[in-house]
Amino acid sequence: MIKANVAIVGATGAVGVVIREILEDRNFPIDNLYLLASERSAGERVMFGDRSVVVENLADFDFAKADIALFSAGGDISAEYAPKAAAANCIVVDNTSHFRYDEDIPLVVTEVNPERIADYTNRGIIANPNCSTMQLLVALKPIQDAVGIEHINVCTYQAVSGSGQKAIEELARQTAELLNAKEITKKVYDKQIAFNVLPNIDAIQDNGYTKEEMKLVWETHKILEDASISVSPTAVRVPVFYGHSEAVHLKTRSPLSAQQAKELLEKAPGVTVIDDMSQLAYATPVTHASGQDDVFVSRIRNDVGIENGLAMWVVSDNVRKGAALNTVQIAEILVKDYL
Ligand code: A2P
């Protein structure tokens, strides 16, 4: 079996740490592992299995030493270093939105369009979708294949870990401050996140939507290769540490009963259906998704408001399937089929 030389860019961040765990858990075939971060972390030692690996300064790294680099250090870092890595023949799997909408960059969910990985040869870069799109499309792909989807209305309830380690600390800190009757301090979000919900994720666009909302539109079209699907998104940050939830309403092109949808989803790769309200069986971020690989689907029902309407509740760990896991799954396919 081929063993790859793997670099993790942003190895000390919220996603980078989980990438390390997943590589270890899945016995990813690694020869040399390079952990890269800013000069602030350079020199720290981290255990990976029985190896002790020193964190290196990204700015000094020679990407010719790596076959694959997994980037999760923010869009600006990807903009600067991903092309340098690709030029050194190191294939990049990028978690940021920087390259996602470039036509010649493949945007891959491994359960949905793994065949697009082959297009890495265009620029040496593969993009990982946004966490909210990821779980949505893992759940919707079997329905699109079976009956076609005309319209998607999706409202998200997104965990703070999607904004990185400092946001995890902000939710914890503000919660403690409020419970101790202190003034809250804000460093990451523009408004209080503890005991609150914020309908403001990423930059506001000219059409009144936020960029996080538009990512759901752009990425759904690109990944399903079907721009005729209309998408109406609302993206909301909630005071949850790990796990995004989505209330999804679909209009399908031909009828599909809730029972048929449930049967399709029960067979779908990467999906676990938890749906028996008589037993209070439904997924939440804390009780089901956090720390797990699958996308959990609950509350599958025919929409009472429209014809050919289907409603469901979709939950997944945003730093695992939403980011780190899909990145590692793409890298596994690269090693198996392309290196
Ligand atoms: P560091 O820990 O040294 O700051 P998060 O998404 O949790 O905020 O993590 C961001 C990740 O990106 C961290 O691993 C962080 O490293 C890394 N990072 C941030 N800025 C840089 C930079 N200028 N060069 C290299 N890595 C960076």
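See the structure printed just above.
Everything numeric here is computed off the predicted structure, so don't read it as measured data.

## So, the state of the cysteines
Part 1 of the reasoning: Applying the stated criterion across every chain yields a total of zero disulfides.
Part 2 of the reasoning: The thiol sulfur of Cys 155 is not disulfide-bonded, and the nearest other cysteine sulfur, from Cys 131, lies at 16 Å.
Part 3 of the reasoning: For Cys 155, a relative accessible area of 27% translates into the label partly exposed.

## So, the site of the ligand
Part 1 of the reasoning: Taken together, 15 residues lie around the ligand, and Thr 12, Ala 14, Ser 38, Arg 40 and Ser 41 are the ones closest in.
Part 2 of the reasoning: Take Arg 40: an N or O atom from its side chain is 2.8 Å from an oxygen atom of the ligand.
Part 3 of the reasoning: In the complex, the protein chains occlude 71% of the 580 Å² of accessible area that the ligand would expose alone.
Part 4 of the reasoning: A breakdown of the residues in the shell around the ligand according to their chemical character gives six nonpolar, eight polar and one charged.

## A closer look at the packing of helix α1 (residues 14–25) against helix α8 (residues 320–338)
Helix-helix packing: each pair is described by the crossing angle between the helix axes and the interaxial distance.
Part 1 of the reasoning: Where α1 contacts α8, the axes come no closer than 9 Å and their chain directions differ by 50 degrees. In this view, α1 runs oblique relative to α8, as classed from their interaxial angle. Judged by the sense of rotation from one axis to the other, the crossing of α1 with α8 is right-handed. Residues Val 15, Val 18, Ile 19, Glu 21, Ile 22, Leu 23 and Asp 25 of α1 pack against Arg 320, Ala 323, Ala 324, Leu 325, Thr 327 and Val 328 of α8.

## Here we look at the nonpolar core
Part 1 of the reasoning: Phe 63, Ile 143, Ile 152 and Met 312 are the most contacted members of the largest nonpolar core, which has 56 residues in total.
Part 2 of the reasoning: Per-element tally for this core: the top contributor is helix α3 (residues 131–147), with eight residues.
Part 3 of the reasoning: If we ignore the near neighbours within four places in the chain, the residues touching Met 312 are Leu 140, Ile 143, Glu 246, Ala 247, Val 248, Leu 250, Leu 265, Val 297, Ser 298, Arg 299, Ile 300 and Arg 301.

## Here we look at the packing of α3 against helix α5 (residues 211–224)
Part 1 of the reasoning: Direction vectors running N to C along α3 and α5 enclose 40 degrees, while the axes themselves pass 10 Å from each other. As judged from the angle between their axes, α3 and α5 are oblique. Seen from above, α3 lies across α5 with right-handed handedness. Residue-level inspection shows Ser 132, Thr 133, Leu 136, Leu 137, Lys 141 and Gln 144 of α3 in contact with α5, the latter providing Glu 212, Lys 215, Leu 216, Glu 219, Thr 220, Ile 223 and Leu 224.
Part 2 of the reasoning: Its residues assigned to classes, the contact of α3 with α5 comprises five nonpolar, four polar and four charged.

Rules of the game
- Residues numbered from 1 in each chain as written.
- Predicted model: local features only at pLDDT ≥ 70, side-chain atom pairs only at ≥ 80, totals over all residues.
- Heavy atoms only, no water.
- Disulfide = S-S within 2.5 Å.
- Buried < 20%, exposed > 50% of the residue type's maximum accessible area, 1.4 Å probe, protein only.
- Near = heavy atom within 4 Å.
- Polar contact = N/O pair within 3.5 Å; in protein donor to acceptor, adjacent residues only side chain to side chain.
- Areas by Shrake-Rupley, 256 points an atom, 1.4 Å probe, with all protein chains shown as cover.
- Nonpolar A, V, L, I, M, F, W, Y, C, P; charged D, E, K, R; others polar.
- Axes fitted to C-alpha atoms, helices over the stretch in contact; angles between N-to-C directions.
- Helix = DSSP H or I, 4+ residues; strand = E, 2+ residues; numbered from the N terminus.
- Parallel < 35°, antiparallel > 145°, perpendicular 65-115°, else oblique.
- Left-handed = near helix turned anticlockwise from the far one by under 90°.
- Contact = heavy atoms within 4.5 Å.
- Core = buried A, V, L, I, M, F, W, Y, C linked by side-chain atoms within 4.5 Å.

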